[in-house]
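Single-letter residue listing:
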Amino acid sequence: MNFFIQMRESVIDIKFYRSIKNNKFSRSFVYLLLLFLIIYSINGTKTYLGTKIIMEEMADDLKTNVPEFRLENGEFSFEGEMPHYISSSINELFVIDTTGKVTVSELKDVDTAILITRDKVYFKRSKLETREFNLTELKGFTLTKTDVLELMPKLSIIVAVFLAFGFIFALGWKLINAAIMALLGLIANTVFKGKLKFGNLMNICIYAITLPMLLQLAVNLYGYPIPNFWMIYWVISILYEVLAIKSCIDEEKESEDTTGEDRSYF
């Protein structure tokens, strides 16, 4: 059966699962591989292009708006007027000051902040957590504005490499999802008094996550995260699985009833 037909039927027709429950695992795996490759490629392209655009914008801003700076022998030097505020708002602060005018105490009222001083960098990710990094640990390391400008375009390439390797781990996680669902499906199989094996349930679960994966793609492309979407993902997956298990067991019972009627006739 055509891949796209399988994808459609797994979403719109619960009885479709009767036809794939006895698939060889390799066939179901190829389906998952193709589906995930399409979805991952779309998401990966969006991530790569987004990162590339952001890096280009940051590089342009750094080139035109940030004076020369240098990190050498564990000390940071800056040629512009200080304090130099790269970002300053109610919830965010990014400031460079090697004169000592700005201290870490000024970060207490913002949620996220970075303060670069002559010999330290302070990071704040929440109102309750501020971390300190001592630049003296970087003695022997040199970084200039030119170095950063040369590095930034390469970051998008690094992202592409991570995405390529990440595909293997992400696909593995989807298989683990299916395996977890299959284990839960054994409970439903017992409740409905079915004869499905773990292999049957793996086939069912691989196809059952089709709609949740497509919805996850839509959410990612939309650009605004839905709170607790992982719960929606699992609820829909398990609902499809249970309905598919029930349908397959009903088919078995219908077949047994028909066989019984034929025997009684003879």
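So, how was this worked out
- Residues numbered from 1 in each chain as written.
- Predicted model: local features only at pLDDT ≥ 70, side-chain atom pairs only at ≥ 80, totals over all residues.
- Heavy atoms only, no water.
- Helix = DSSP H or I, 4+ residues; strand = E, 2+ residues; numbered from the N terminus.
- Rg over C-alpha atoms; globule rule 2.2 N^0.38 Å.
- Buried < 20%, exposed > 50% of the residue type's maximum accessible area, 1.4 Å probe, protein only.
- Axes fitted to C-alpha atoms, helices over the stretch in contact; angles between N-to-C directions.
- Parallel < 35°, antiparallel > 145°, perpendicular 65-115°, else oblique.
- Left-handed = near helix turned anticlockwise from the far one by under 90°.
- Contact = heavy atoms within 4.5 Å.
- Nonpolar A, V, L, I, M, F, W, Y, C, P; charged D, E, K, R; others polar.
- Core = buried A, V, L, I, M, F, W, Y, C linked by side-chain atoms within 4.5 Å.
- Lys, Arg positive; Asp, Glu negative; His and termini not counted.
- Salt bridge = Lys/Arg side-chain N within 4 Å of Asp/Glu carboxyl O.

Engineer: Before we move on, can you summarise the overall build of the chain with the specific residues and values?
Structural biologist: Scanning the chain for helices and strands turns up seven helices and eight strands. For 266 residues, the compact-globule estimate of 2.2 N^0.38 gives 18 Å, and the chain exceeds it by more than 25% at 28 Å. Expressed as lengths along the three principal axes of its C-alpha atoms, the size of the chain is roughly 100 × 35 × 30 Å. Split into buried and exposed, the 266 residues of the chain put 34% on the buried side.

Engineer: If you had to explain the packing of helix α4 (residues 145-191) against helix α5 (residues 198-208) to someone new, which residues and values would you point to?
Structural biologist: Put simply, α4 and α5 touch, their axes get as near as 8 Å, and they point 125 degrees apart. The angle between the axes of α4 and α5 places the two elements in the oblique class. Here α4 and α5 pass one another in a crossing that is right-handed. For the pair α4 and α5, contact is made by Leu175, Ala178, Ala179, Met181, Ala182, Leu183, Gly185 and Leu186 and by Phe198, Leu201, Met202, Cys205, Ile206 and Ala208, respectively. Across the contact of α4 with α5, the residue classes break down as 13 nonpolar, one polar and no charged.

Engineer: Explain the nonpolar core to me, using residue names and the numbers behind them.
Structural biologist: Membership of the largest hydrophobic core comes to 37 residues, with the highest contact counts inside it found for Tyr17, Ile204 and Met213. Elements with a minimum of two residues in this core: α1 (3-12), α2 (16-20), α3 (25-65), α4, α5, α6 (210-222) and α7 (229-265). For this core, the leading source of residues is α7, giving eight residues. With residues near it in sequence (within four places) discarded, Ile204 still touches Tyr17, Ile20, Lys21, Leu196, Glu241, Ala244, Ile245 and Cys248.

Engineer: Go over the side chain of His84, please, and point to the residues and values.
Structural biologist: You can see His84 is positioned in strand β3 (residues 84-88). For His84, a relative accessible area of 17% gives the class buried. Discounting chain neighbours no more than four positions away, the residues touching His84 are Asn65, Val66, Pro67, Phe78, Phe94, Val95 and Ile96.

Engineer: Tell me what's going on with the side chain of Arg18, and back it up with residues and numbers.
Structural biologist: Relative to the helices and strands, Arg18 is located in helix α2. No salt bridge forms around the buried Arg18; measuring N to O, its nearest opposite-charge neighbour Glu254 is 4.1 Å away. Setting aside chain neighbours within four positions, we find Arg18 in contact with Ser247, Cys248, Asp250, Glu251 and Glu254.

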